[in-house]
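# Structure at a glance
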Amino acid sequence: MSDINSNIPEGELTNKWTKFKSSVALVNPSNKRTIEVIIVGSGLAGASAAATLAEMGYKVKCFCFQDSPRRAHSIAAQGGINAAKNYQNDGDSVYRLFYDTIKGGDYRAREANVHRLAEVSANIIDQCVAQGVPLAREYGGLLDNRSFGGTQVQRTFYAAGQTGQQLLLGAYSALERQIGMGKVEMYTRHEMLEVVKIDGKARGIIARNLITGELERHFGHAVVLGTGGYGNVFYLSTNAMGSNVTAAWKAHKQGAYFANPCYTQIHPTCIPVSGDHQSKLTLMSESLRNDGRIWVPLKKDDNRKASEIPEDERDYYLERRYPAFGNLVPRDVASRAAKERCDAGYGVGSSKLAVYLDFKANTERYGKIEALKSGIQNADKETCMRLGTAVIKEKYGNLFDMYAQITGENPYETPMRIYPAVHYTMGGLWVDYNLMTSVPGLYCTGEANFSDHGANRLGASALMQGLADGYFVLPYTIGAYLSKEISVKAIPTDHPAFVEAEAKAKGVLDTLINIKGSKSVDYFHKRLGHIMWEKCGMARNAEGLNEAITDIRALRAEFWKDVRVPGTSDELNTELEKAGRVADFIELGELMCIDALNRNESCGGHFREEYQTEEGEALRDDVDFAYVAAWEFKEGVNFELHKEELKFENIKVAQRSYK
Amino acid sequence: MSTGNMNLTLKVWRQKNNKTKGALVDYKLAEISPDMSFLEMFDVLNEQLINKNEEPVVFDHDCREGICGSCSMFINGRPHGPKDLVTTCQLHMRSFKDGDTIVVEPWRAAAFPVVKDLTVDRSAFDRVIASGGFISVNTGNAQDANSLPIPKMQADAAFEAAACIGCGACVATCKNASAMLFVSAKISQLALLPQGQPERYRRVQSMVAQMDAEGFGNCTNTGACEAECPKGITLENIARMNRDFASAKFLSEESI
Ligand SMILES: Cc1cc2nc3c(=O)[nH]c(=O)nc-3n(C[C@H](O)[C@H](O)[C@H](O)COP(=O)(O)OP(=O)(O)OC[C@H]3O[C@@H](n4cnc5c(N)ncnc54)[C@H](O)[C@@H]3O)c2cc1C
Ligand code: SF4
Ligand code: FES
């Protein structure tokens, strides 16, 4: 069935990566000095890659649109990062991490990539600790772990609720070190707008200096995109406001296939929407599910306060439906279960689109333990709650403060209200085992590629992938390509391909400025988001998807006729930046719906209402859909499907069950 | 359910670019909801300006979760506004009253030149980090993480210093525009960890030199930085940095 080659090395699964590393061609140090690599993105994926490649001796240019690489969206990750260290001696292993990830992704990820990810996971923790990343520790001085959804071992490393921040600052400091030594040229406040291709290979980019508006041409022997995910296609999501698909989309238009665009992860524990002024949604880390119990009232439309609803009138629906995993089922399962209860009329809060996340039982339990530790037998409830609150505060203090800040409610006293929200995109540019896209010399890492999470990502696995790609995978695999490029001299940027790419980028900017329509960019973005959430969100069906495609095409036409972008293109113009991004989101939105419509099955973050079991669980079709859908861009916003067959040789494909 | 009933007057600093002069401009806003964040209130203002075919106010922001350190503005004379320990994006309109007049200005410091409206250039911070705010370790062969036990209290203290988001409020609020709190936070984080020891004294010297070269002022122990830091970074870090800086002077090149 496959008509594309994923270049997976031959041999036993457990030996593929080791063998690859020891047989891949090397580039000699004096040649490395003349080879230039462009890295777009300075999140975990980009910063780690830029630092490592520079350290290896390549000449690196790194780009980001923020004012500093330290502000990349990775900074916001809260919960943690997985690694198969088995420090807790609870039976973890590379194989188990591999297995959990493949199963968690609903058997829609590539075995070889996932196994490699599990193999290098342990090195990531070593590397970060060596860099001075202050991960949480136990009193004995060793690293602490917690568990995350979809697993039964404790393999998640963390730094309070700020894991992403600490890991990114680690990668950022490694990057700054190389910048300080003159080995990386950093271009902040620069946005990549085009990929430049010469003789079929990626040879550079066009970037806009966001302060002056100037378009710049940059040559590279190879180009790496580590530009993050596209969840903001939904307008409301947990992503940072600037997260966008532009770099990946422009690459897509230059021939890079876009894989599995319809796989969107909806995170179960976000602060619910409070009004339509809202610009983004705030995540409450999944780690809260370790100590929070999720429930709704047993009675429909129950308007009593949480505290007035007695135990026996509460429905702990996750514990009821999934006794083995309970509140720790994977995200897709937890999200759908919340939607199901709310749709059935059991939601809480003024919007009724929320469920409770309640810490009371565990606060009391911790309190009891603390009391016993300090020699108090039979402590009363009040004492237990007081002591337990201190434990909870130590574990999740900053998240609780954030919740109180946003909602004006005190989560230590009343349960949090949560609802699912768009969080992460498993789809992205198609890459082979080397992380190279279908355009030679163009690589893609981190959330921007499709490769390691299948149809659903387990918590704490994105940070792991971003750093694995940047620190440990790409630095080897890109060598395989660059070793054949050593005789290529830097191509001058007055080459016609650069001129043409720049003209194209300029054309888009000029058009946007000159439409001078009547509606703001946000107006279009909100409308797109509404279509996507309603018809391509937590649940989809053929009818809705067909409507969405028609609606999006109409929206696109209207956008190009009626958008209003004030100001000019030769200055800092944030509306112009947004306009370009929304234009790309609109095209991507259509492809997401086309992909969702094509996939006549339910799997992971893709739930087609027509395909479900009698109990309402996702119903996969492994005979017809065990493939990666890789879409090729065709003239005039059309798409052609290519399929990469997924072979499971080491894992028995089974119905996913968390019961 | 979205619109509220707060009416506000905003006085916002507008400045086209670094070469032109800026001024405060008045804007009236109605129907602001107390549930909006301060930046969402700005979104409403900008939507209004765009509808009138005017240029929206430019300000830095990204995560809107209080962690990226992008959002930066003086609100009624205080960085990040009237509440302690929150960034502008986490400040909600319920912290203000109906009918309030709110003055909004950019960070002020010679080392942070204005780019446009409320956006300033904070790249000096990156250059300070590039001068030594790291541990020199190459990728690939780090020892097993648990072969380096670190007492919990020490790891927690390092983490607390590491929580700095690089927002620059400490600089903006300081009458000397000193970057001591920011720099000392990084220095403390690494000085508190065993991994940070080999370069400890070299690090403090080069970072302080770069800080001076960037045009940040000196610390005169006023403490405004600590009072305004949204992440609760403490003056203790400055003391630690000063101690290390002084020690470094007495060490010979070999011991550094
Ligand atoms: C609130 C939240 C919490 C999370 N918590 C966790 C967690 O606990 N554990 C976990 O594993 N994962 C978590 N995730 C997911 C994880 O944070 C992301 O998947 C991951 O950080 C993505 O990293 P990245 O390097 O691929 O991209 P990003 O960090 O998004 O970086 C993208 C980079 O590309 C640059 N860029 C983008 N487009 C352009 C362009 N056109 N030109 C120039 N530069 C460009 C940006 O400037 C930026 O530097 C969380 C995500 C969110 C939203
Ligand atoms: S020390 Fe505080 S105020 Fe200064 S940059 Fe860091 S977080 Fe901001
Ligand atoms: S926008 Fe990120 S801290 Fe405010």
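### A closer look at the side chain of B:Glu105
Position of B:Glu105 relative to the elements: it lies in strand β5 (residues 101–105). Among the polar contacts listed, one links the side chain of B:Glu105 to the side chain of B:Arg108, at a separation of 3.3 Å.

### Points about the confidence of the model for chain B
Close inspection of predicted coordinates is inappropriate in any region flagged by low pLDDT. Counting all residues, the mean pLDDT for chain B is 96, and 99% of those residues have values of 70 or more. This complex was scored by the predictor with a pTM of 0.96 and an ipTM of 0.97.

### Quick look at the site of ligand 1
If you check the shell around ligand 1, you find 39 residues, and the closest are A:Gln66, A:Ser74, A:Gly79, A:Met192 and A:Glu447. More than one chain approaches ligand 1, the contributing ones being chains A and B. The backbone of A:Gly80 places a nitrogen or oxygen atom 2.9 Å from a nitrogen atom of ligand 1. In isolation ligand 1 offers 1,000 Å² of accessible surface; the protein chains occlude 98% of this area. At the level of elements, α3 (44–56), β6 (190–198), β15 (416–425) and α12 (462–482) of chain A are the ones that each hand at least two residues to the shell around ligand 1. Here the shell around ligand 1 gets three residues from one element, more than from any other, and that element is β6(A).

### Topic: the site of ligand 2
If you check the shell around ligand 2, you find 13 residues, and the closest are B:Cys164, B:Cys167, B:Gly168, B:Cys170 and B:Cys229. Here the residues of the shell around ligand 2 sort into 11 nonpolar, two polar and no charged.

### Describing the pattern of salt bridges
All names here are of chain A. Scanning the model with the defined rule gives 71 salt bridges over all chains in all. Linking arginine 110 and glutamate 644 is a salt bridge whose minimum nitrogen-to-oxygen distance equals 2.8 Å. Taken as a pair, arginine 110 in the loop between α4 (94–104) and α5 (111–131) and glutamate 644 in strand β19 (residues 638–645) lie far apart in primary sequence, 534 residues in all. On the basis of relative accessible area, arginine 110 is assigned to the buried category, the value being 4%. Across the salt bridge formed by aspartate 291 and arginine 365, the nearest N and O atoms sit 4.0 Å from each other. Highlighted residues: aspartate 291 in the loop between β11 (264–270) and β12 (293–297) and arginine 365 in helix α10 (residues 360–373), separated in sequence by 74 residues. Assessed through its relative accessible area of 42%, arginine 365 is described here as partly exposed. Ionic contacts of the salt-bridge type, sharing partners, join the residues Asp106, Arg108, Arg599, Glu601, Arg620 and Asp622 into one network.

### Description of the pairing of β11(A)
All names here are of chain A. The buried fraction of β11 is high, at seven of seven residues. Where β11 meets β15, five bridges bridge the pair, whose relative direction is antiparallel. Note that in β15 the partner of isoleucine 266 across the bridge is valine 422.

Definitions and limits used
- Residues numbered from 1 in each chain as written.
- Chains lettered and ligands numbered in written order.
- Predicted model: local features only at pLDDT ≥ 70, side-chain atom pairs only at ≥ 80, totals over all residues.
- Heavy atoms only, no water.
- Helix = DSSP H or I, 4+ residues; strand = E, 2+ residues; numbered from the N terminus.
- Polar contact = N/O pair within 3.5 Å; in protein donor to acceptor, adjacent residues only side chain to side chain.
- pLDDT = per-residue confidence, 0-100.
- Near = heavy atom within 4 Å.
- Areas by Shrake-Rupley, 256 points an atom, 1.4 Å probe, with all protein chains shown as cover.
- Nonpolar A, V, L, I, M, F, W, Y, C, P; charged D, E, K, R; others polar.
- Salt bridge = Lys/Arg side-chain N within 4 Å of Asp/Glu carboxyl O.
- Buried < 20%, exposed > 50% of the residue type's maximum accessible area, 1.4 Å probe, protein only.
- Pairing = 2+ DSSP bridges.

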